[in-house]
Amino acid sequence: MNQPEEAWRNLARTVRRHANTGMWLEFLLPLILGCLVLAGLGLLSARFFEWPLGIVLAVPGALVASVVIAAWIRTRHKFWNDRDALVQLESTFHLDSALTAADEGVAAWPAFREMPACLRWRWSKVLPPFAMGLAGITLCAWIPLPDRAILTDGPREKPFVWQQAEALIEEIEEEKISEPEKLEELQKILDAMAARKPDEWYEHASLEAGDNLKTTLEDSLEALVRDLSLTDAALDRLANAGGLARDSTLREIAERLGDAMQGFDANSIGLNPDLARQLSELGDIRNLRQLSPEQIAALREQMKAQAEGACKALGDGECQLLVMMAGSQPGSGGITRGPGAAPLTLGPESPDLGASEKMEALPDA
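Residues numbered from 1 in each chain as written. Predicted model: local features only at pLDDT ≥ 70, side-chain atom pairs only at ≥ 80, totals over all residues. Heavy atoms only, no water.

A.B. asks: Tell me about the nonpolar core, and name the residues and values.
C.D. replies: In terms of nonpolar packing, the biggest core is built from 44 residues, with Leu217, Leu221, Leu279 and Leu288 touching the most fellow members. Mapped by element, the contributors of at least two residues to this core are α7 (160-175), α8 (180-194), α9 (204-241), α10 (247-266), α11 (273-280) and α13 (293-314). The dominant element in this core, judged by the number of residues it contributes, is α9, at nine residues. Setting aside residues up to four positions removed in sequence, Leu288 forms contacts with Leu238, Leu250, Ile253, Ala254, Leu257 and Leu282. Among the nonpolar cores identified, the runner-up in size contains 14 residues, and Trp8, Ala12, Val15 and Leu86 belong to it. (Core = buried A, V, L, I, M, F, W, Y, C linked by side-chain atoms within 4.5 Å. Buried < 20%, exposed > 50% of the residue type's maximum accessible area, 1.4 Å probe, protein only. Helix = DSSP H or I, 4+ residues; strand = E, 2+ residues; numbered from the N terminus. Contact = heavy atoms within 4.5 Å.)

A.B. asks: Run through the pattern of salt bridges, naming residues and quoting values.
C.D. replies: Under the definition given, this model contains 18 salt bridges. With a closest N to O distance of 3.6 Å, Glu203 and Arg196 form a salt bridge. A salt bridge links Arg277 to Glu281; its shortest N-O distance comes to 3.5 Å. Glu281 gets classed as partly exposed once you look at its relative accessible area, which sits at 40%. Each member of the salt-bridge network shares a partner with another, and the members are Glu5, Arg9, Arg83, Asp103 and Glu104. (Salt bridge = Lys/Arg side-chain N within 4 Å of Asp/Glu carboxyl O.)

A.B. asks: If you had to explain unusual backbone geometry to someone new, which residues and values would you point to?
C.D. replies: Here the phi dihedral of His94 falls at roughly 55 degrees; this positive angle occurs in a residue that is not glycine. On the secondary structure map, His94 appears in the loop between α3 (82-93) and α4 (98-104). The exposure class of His94 is exposed, given its relative accessible area of 63%. Positive phi is not limited to glycine here, since Asp96 has a value of about 55 degrees.

Nothing here speaks to function; it is all geometry.
Printed below as a string of C-alpha cells:
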C-alpha cells in the first residue's frame, strides 16, 4: 500500500468513527441528560430520607447503561462504512469520485490532504449536556436541605384543647390543691396523647380525648370547690355552736364532713394530702368536740385558700363568689345552731320605666 492510499484510508476511518459517534451521541445525549437529572433527584432523596447512597445511585447507573445500549441499537443502521467515508471526503474536497475510483483500483490515489475543520469534533455541541448534568448532580450533593422532622413529623403546635388541659394541670400543681398521685395519672394521659405521631394529633379521637381530659379537670375543680364550701359550712356551724353543741348536732356535722371526704376521695384530682388528713380526723365526734375556735378558724382558712386556688385555675368569677359565701349559708335555725333563715337583702333599685304619673281610667270594654 502506497503512502497516499494509506493516508486516505486512515482519514476515511477517522471520518467514519466521527460520523458514527456523532449519530450515536445525537440520539444518546438527551437520554443521558435525563438520567443525570434522575441521578440528581435520587441523590437529593437519599440525603433527605437518609437512604443508602449506593442503592439510590445504582438505579440511574443501570438506566444509563441501558440507554447507551439502546441508543447504539437505535442508530447502528445509520452507521457509515469506509466507502461512505471516502464519498464524504470526495464531497468535502471536491475530488469528483477520485477516491472511490482509486478504491476500486481503476485510478491512482490523489495527493493526500489534511482533514478540514468541518469534519472535526465540535466540542461546544457535545460537552454542554454532560456539563449541565454533572453540575446538577454537584448542586444536589451540596445544596442545604431543610430539617426532615419539620416536613415529615407533621405539626409541632399541640391542639389548643391539649394546651388548655396542660395549663390546668400546671396551675393545679402550682396551687398545691390536689393529691399528687392522682394528678400524675392525669399528666400521664396527656403525655401519652402527646407521644403519638404529630400527624395524628389533630385526628378526631385525639381531639376528643383532649377535650375529655380538659372537661374532667374542670369538673373536678368545680366539685372540689363545692365540697370545700359544704365542709366550710359544716365547720362554721360547729364554730357557732361552740361548746354547747349537742351530740346529735356533732353527729350531723360529722356525717356532712364524711360525705365531703367521700367526694374528695372520688374526685379525679383529690385534695391536698395535708388538708385531707386533717379533715379525715374530724369524722370522730370526740375530735370535733376537742377543736378550739382557733383551730377551726385555721382549718377554714386552709380550705378557703384551696378553694381560691381551684377558682384561680378555673378563672371562674362565679366560683370566687361561692368561696366568699362559704360559711354564710343558711343553717337549720335555732338559738344554739348556725345561722338561721337566709338573710334578706334588698335588690338593686328598679329602673325608671318612664311611666306617666297621670292617673287615667281604663275605657269600658
